Amino acid sequence: MARGKSISKLTNLSLDQRRQIFDRTVAKVTKQYFDPNFNGTEWPKHASESRDAVLSAGDPDEFELRMHDLVRSLKSSHTGFFHQSVRRVPGRLAIGASFRRAETEAGPRWVAQDVHEGGPGDSAGLKPLDMLTSINGTLVCPPEQPMFQMGSRVELTLRRGADEIALMVTIPEPRSRKQPYSELKAVAWARMANAVGYLKVSILPGQVGLDVSRAIDAAVSELESCDRLILDLRGHLGGGLGVLRLMSHLTPAKLPIGYTITRRRAESGYDKSKLPKLDRLPTHLPNFLGVASMVLKYVGSDPSILLVSEGLGAKKWHGRIVTLVNEHTVSAGEMIAAFASENHLATIVGTETAGRLIPGSGFRVGQGYMLIMPKAEYITWQGQRFEGAGIKPDLEVPWSPEAFSTGKDNQLDFAVQVVSGI
C-alpha cells in the first residue's frame, strides 16, 4: 500500500518567509472560515495584535506552536496549524488510542481508554487503563496532550497496575499529510447471545469511503440473522462519506440527514431542500469509476451538500438498536448519533460526545506548512448544531475503570440489557 513521502526535516525560516506564511494564513481564515463572525472571537483583531510576537519566533518549532495557538484561538474543532513533517499528531490519530485524565498521588496523568484494534498502540501491546508516564523519556501529563510524530518509533513508559513497563510503538508515515492518521481496523462485528448483533466502527477512512462502505455492508450481512443491534461508536475518529452508508443501515427509509453549508452559500441565502443531494454511494462500481462519478457530479461546485439515507431496505433489528458513544466520539460518529437520535432510530447510551462536529479542510500556506480549518459547517435536518456541545445520551453511563480492571465493560453490558428489553 502506498505511503506518504518521507518526512522532511524542519529548517529555519527567514523573517520574510515567516511573514508570508503568517499573511497567507490570515488571508485564508479571513476569506474562507465558515463563520464571518469568526466564532465570536474577534479573530482578525487578535491576529493583528499577535503578529509581532508570532513573527519573532525564529525557531521553527516555536513558530509552528505560536501559529497553531493563534489559529486555535478561533475555538472551533478541526482547526490547527502544522508542518507537513507531521511531528505533532494527537494520540487518537497517531497511535489509535484516546486518553482520559486521571488524578493520582503524583498529580494528574493520562490513562488509555479507547485502544483501537489494529492501530500502532494496540499492535505494540497498549491496553486500556495503562497510565502514561513518559514519551521517549519526557514526562507528559495534563494539561499537555500526548503528541506523536508520524513515521517514527517511540518508547512509551507506562504504569500497568503495580508494574512499570516500556512499549516501543512504531508509527507509520501517513497516507495523507492533510489529514494524518495511522490505519487501524475500521469495522469489526460479532454475534452475541440472544440474537444481538455487535458492530464496532472506529473510523471511516477515505474521502469517498467506498472500501469502508463495502466493509460495513459485509458486516451487516454477517449480522442479518440478528434481531437487535449494538452499534459501538466509542472513540470513533471520524472520516469521510462512508458515514452515509452506516447511517443508511439504521433505517429502511430514505430520510434527510443533514447538510454542510459553506460561508459563501450561507451569506447568499439557500433552501436546504434544494442543495445538491447525495443519497447513494456508488459501491457497485470499481473504485476508480465510483470516485470518477462522484468527482464529475460534485467537484468544482460549492461543496454545500444535503445527505439523504440510501434506502437500503429493512433489517430485522430496525427499531431495536442501541448506539454506544463516549467523550472521545467525534465528527462522523457524532453525525451518526445525531441522526439516530433525531429520528428515534436508536437509544443512545454512554457519555456526551466531544462536540467536534464540523468538517475541516486543509490549505497550504508555504514552506510545507498547512492550515486546517472548517470552511463549512454541518447542520442536522432538524436544524441542530453540535459544534462545541456534543450529543447527550438518552441513558448516561460513564465508563468504569474499576469494572474494566476486572474484565467487564460496564457500558457494553448496560447496552446489552437495554437492547434486550426493547
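Residues numbered from 1 in each chain as written. Predicted model: local features only at pLDDT ≥ 70, side-chain atom pairs only at ≥ 80, totals over all residues. Heavy atoms only, no water.

Caption draft 1: Expanded view of the overall build of the protein. For the protein, the count of helices and strands is 12 helices and 21 strands. At 22 Å, the protein has a C-alpha radius of gyration in line with the 22 Å of a compact globule built from 422 residues. Overall, the protein is about 65 × 60 × 40 Å in size when its C-alpha atoms are taken along their principal axes. Put simply, the protein has 422 residues, and 50% of those count as buried. Taking the intrachain contacts of the protein between residues at least 6 apart in sequence as the baseline, contacts between residues at least 24 apart amount to 74%. Just so you have it, the protein exposes about 19,000 Å², and 50% of that area is on carbon and sulfur atoms. Charge-centre separation for the protein: the mean point of 51 positive side chains lies 6 Å from the mean point of 45 negative side chains. (Helix = DSSP H or I, 4+ residues; strand = E, 2+ residues; numbered from the N terminus. Rg over C-alpha atoms; globule rule 2.2 N^0.38 Å. Buried < 20%, exposed > 50% of the residue type's maximum accessible area, 1.4 Å probe, protein only. Contact = heavy atoms within 4.5 Å. Areas by Shrake-Rupley, 256 points an atom, 1.4 Å probe, with all protein chains shown as cover. Lys, Arg positive; Asp, Glu negative; His and termini not counted. Charge placed at Lys NZ, Arg CZ, Asp CG, Glu CD.)

Caption draft 2: A look at the nonpolar core. Formed by 48 residues in total, the largest nonpolar core has its most connected members in Leu199, Leu204, Leu231, Leu246, Met247, Leu278 and Ile336. Looking at this core, the elements that each hand over two or more residues are strand 11 (196-201), helix 6 (210-222), strand 12 (228-232), helix 7 (242-248), helix 9 (287-298), strand 15 (305-308), strand 16 (321-325) and helix 10 (332-342). Looking at this core, the element that brings in the most residues is helix 10, giving 7 residues. For Leu246, the contacting residues outside a window of four places in its chain are Leu199, Val201, Ile216, Leu231, Leu233 and Ile336. (Core = buried A, V, L, I, M, F, W, Y, C linked by side-chain atoms within 4.5 Å.)

Caption draft 3: Fine view of the pairing of strand 5 (residues 131-135). Burial analysis of strand 5 places 4 of its 5 residues in the buried class, the great majority of the element. The pairing of strand 4 (residues 107-115) with strand 5 spans 2 bridges and is antiparallel. Considered in strand 5, the bridge of Trp110 is made with Leu132. Pairing of strand 5 with strand 8 (residues 152-160) involves 4 bridges; the strand directions are antiparallel. Paired with Leu132 across the two strands is Leu158, which belongs to strand 8. As paired elements, strand 5 and strand 6 (residues 138-139) share 2 bridges and run antiparallel to each other. If you follow Ser134 over to strand 6, its bridge partner there is Leu139. (Pairing = 2+ DSSP bridges.)

Caption draft 4: The arrangement of the pattern of salt bridges in detail. The full count for this structure, using the stated rule, is 20 salt bridges. Close ionic contact of Lys392 with Glu352 constitutes a salt bridge, the shortest N to O distance being 2.9 Å. Here Lys392, found in the loop between strand 20 (376-380) and strand 21 (395-396), pairs with Glu352, found in the loop between strand 17 (347-350) and strand 18 (361-366); they are 40 residues apart in sequence, far enough to count as distant. On the accessibility criterion, Lys392 (58% relative accessible area) is exposed. (Salt bridge = Lys/Arg side-chain N within 4 Å of Asp/Glu carboxyl O.)

Caption draft 5: Structural context of the sheet that holds strand 21. Ordered by their spatial adjacency, 6 strands build an open sheet running 10-11-12-16-17-21, and the pairing between neighbours is mixed. Each end of this open sheet is capped by a strand with a single partner; those strands are strand 10 (187-192) and strand 21. In terms of strand pairing, strand 12 meets strand 16 through 4 bridges, oriented parallel. Looking at strand 16, one finds that Leu229 is bridged to Ile321.

Caption draft 6: Spotlight on the sheet that holds strand 20. The 4 strands lie next to each other as 14-15-13-20, forming an open sheet whose pairing is mixed. The two strands at the open ends of the sheet, each matched to only one other strand, are strand 14 (277-278) and strand 20. Judged from the 5 bridges that link them, strand 13 (residues 256-262) and strand 20 form a sheet pairing that is antiparallel. Looking at strand 20, one finds that Ile261 is bridged to Glu377. Together, strand 13, strand 15 and strand 20 form the strand contacts of helix 10, whose direction differs from that of strand 20 by roughly 25°. (Axes fitted to C-alpha atoms, helices over the stretch in contact; angles between N-to-C directions.)

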